[in-house]
Amino acid sequence: MRRRLVGRLVFALVLAVVAFAGVYVLTDLAPGDPLEDEMRSSSSVDAKRHQLGLDRPLPVRLAIRMARLAVLDLGTSLRYDQPVLTLVAQRATTTLQAGLAALLLALLIGVPAGVLASRSTSRVVRHGIAGVSILLLSIPALVFALLLAVIATSGGLPSFAVMVISLALPAAALIERLQARGLDGVQHERCLDAARARGVPRRIITWRHAWPLSLPAVLGLAGTIAGQLLSGALAVELVTSRSGLGLLTFEALHARDMDLAAGCAGTVALIVGLVAFSADVIQAWMDPRIAILDDQAALPGGGAR
């Protein structure tokens, strides 16, 4: 299990580095000049470009940038003339607050709905919950944000609430589907059959025994859920005008601010990777069988007997 967790952590770091380098290159290759919009004199543009090293070939600049990344030097923003690390840290706090609140709301909605959809004896309830989830999954978070923004203008709904609800509804639908399928998949476990044979009430079997066994189905896609929340935040922050990481990314791309755009992309990728890593830790803690199976797989011959 330790090897798996180390691999996940290394993957998160590699993902962040690849995202940083990829967005840096793509932003540099985009048409336009980020300096010409701010400086009218061609001599001033050339002097500034030389000062920032933008007159060097792209491979050279990328190599220098990646070397500085090793010491957490993300460069300086052309748009704000501030260190990228400072800007990203400030804006990421706002986005993470909304993301965590949306995740909590999604869990509070999705988990009970998934359990109800799996264990209900009514076909109307099961198909009704599944239909609502599919509908919510098919609607982008941006549409929810636009609808809630209209309501907010008349009802005084705070922009933070608009953002949280817009992000939480699609995530709750995904969690509900994962939870329902996970719970359906563990119904024939021997421990559950033994509990039924002893006459344990259905409610206790569901929540105390079956639900923990079904959690790997949800935690296994924690990285996907985190990516969904963060990608949705990009669109929702444009509607709500909240100064978060999504709005900062849009501003960086619009201004062709290479260092800032790359820093935002790398931060988002790192967050997604760390969420997946944390989910693996929680999953192993709640289900020790995962650690045992991983240890057996690491043995010569894959643990075959």
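For the protein chain, an unreviewed UniProt entry supplies the name Oligopeptide transport system permease protein OppB and the organism Luteitalea pratensis. Reading the Subcellular location (unreviewed entry) entry of the UniProt record for the protein chain gives the comment "Cell membrane". Quoted straight from UniProt, the Sequence similarities (unreviewed entry) entry for the protein chain says "Belongs to the binding-protein-dependent transport system permease family."

Help me understand the overall build of the protein chain in this model?
Along its length, the protein chain carries 13 helices and zero strands. Overall, the protein chain shows an N-to-C arrangement of helices and strands of α-α-α-α-α-α-α-α-α-α-α-α-α. Among the 305 residues that make up the protein chain, the fraction classed as buried is 42%. Restricting to contacts in the protein chain with at least 6 residues of sequence separation, those with at least 24 account for 76%. Accessible surface, the protein chain as shown: approximately 16500 Å² in total, 66% of it carbon and sulfur.

Where do I start with a nonpolar patch on the surface in this structure?
Residues V6, V10, V14 and V18 make up a contiguous nonpolar surface patch of roughly 330 Å² in combined accessible area. Relative to the elements of secondary structure, V18 occurs in helix α1 (residues 2-29). By relative accessible area, which is 52% here, V18 ends up exposed.

In this structure, what is going on with the UniProt feature "transmembrane region" (unreviewed entry) in the protein chain? I would like to understand it.
Residues annotated in UniProt with the feature "transmembrane region" (unreviewed entry) correspond here to residues 96-117, 129-151, 157-175, 213-240 and 260-282. Spanning residues 129-151, this segment combines 91% helix with 0% strand, and its end C-alpha atoms are found 25 Å apart.

Is there a simple way to explain the pattern of salt bridges in this structure?
Opposite charge on two side chains makes pairing possible when the charged atoms of those side chains draw close. Counting across every chain of the model gives five salt bridges. In this structure, D259 and R65 form a salt bridge, with 3.3 Å as the shortest nitrogen-oxygen distance. Remark: R65 occurs in helix α3 (residues 58-69) and D259 occurs in helix α12 (residues 258-286); sequence separation between them is 194 residues. An identical accessibility class is assigned to D259 and R65; each is buried. Across the pair R177 and E176 runs a salt bridge, and its minimum N-O distance is 2.8 Å.

I tried to follow the nonpolar core on my own but got confused; where do I start?
Burial of nonpolar side chains together is a common tendency in soluble globular proteins. Counting 20 residues, the largest nonpolar core has L167 and I225 as its most contacted members. The element that contributes the greatest number of residues to this core is helix α7 (residues 159-185), accounting for nine residues. Within the second largest apolar cluster, 18 residues are counted, among which are L69, A92, A261 and C264.

Cut-off values and rules
- The numbering scheme is per chain: residues are counted from 1 as the chain's sequence reads.
- The predicted nature of this model means local features are confined to residues of pLDDT at least 70 and side-chain atom pairs, given and counted, to a pLDDT of 80 or more, with totals for whole chains, interfaces and linings taken over all residues.
- Calculated side-chain values reflect all of the structure's heavy atoms, with hydrogen atoms and water omitted.
- UniProt positions are given in the numbering used here, feature names are shortened, and annotations may be inferred rather than shown by experiment.
- Per the convention used, a helix needs a DSSP run of H or I reaching at least four residues, while a strand needs a run of E reaching at least two, with both numbered from the N terminus.
- Working definition: with a 1.4 Å probe on protein chains only, accessible area under 20% of the residue-type maximum means buried, over 50% means exposed, and in between means partly exposed.
- The contact criterion used is simple: two residues touch if any of their non-hydrogen atoms lie within 4.5 Å.
- For the area figures, the Shrake-Rupley method with a 1.4 Å probe applies, and any residue is considered shielded solely by the protein chains shown.
- What makes a patch is a set of residues exposed beyond 30% relative accessible area and free of salt bridges, joined within 9 Å when like-charged and within 5 Å when nonpolar (Val, Leu, Ile, Met, Phe, Trp, Tyr).
- Any carboxyl oxygen of Asp or Glu that lies within 4 Å of a side-chain nitrogen of Lys or Arg is treated as forming a salt bridge with it.
- Only buried Ala, Val, Leu, Ile, Met, Phe, Trp, Tyr and Cys residues count toward a nonpolar core, and they belong to the same one when joined by side-chain atoms within 4.5 Å.

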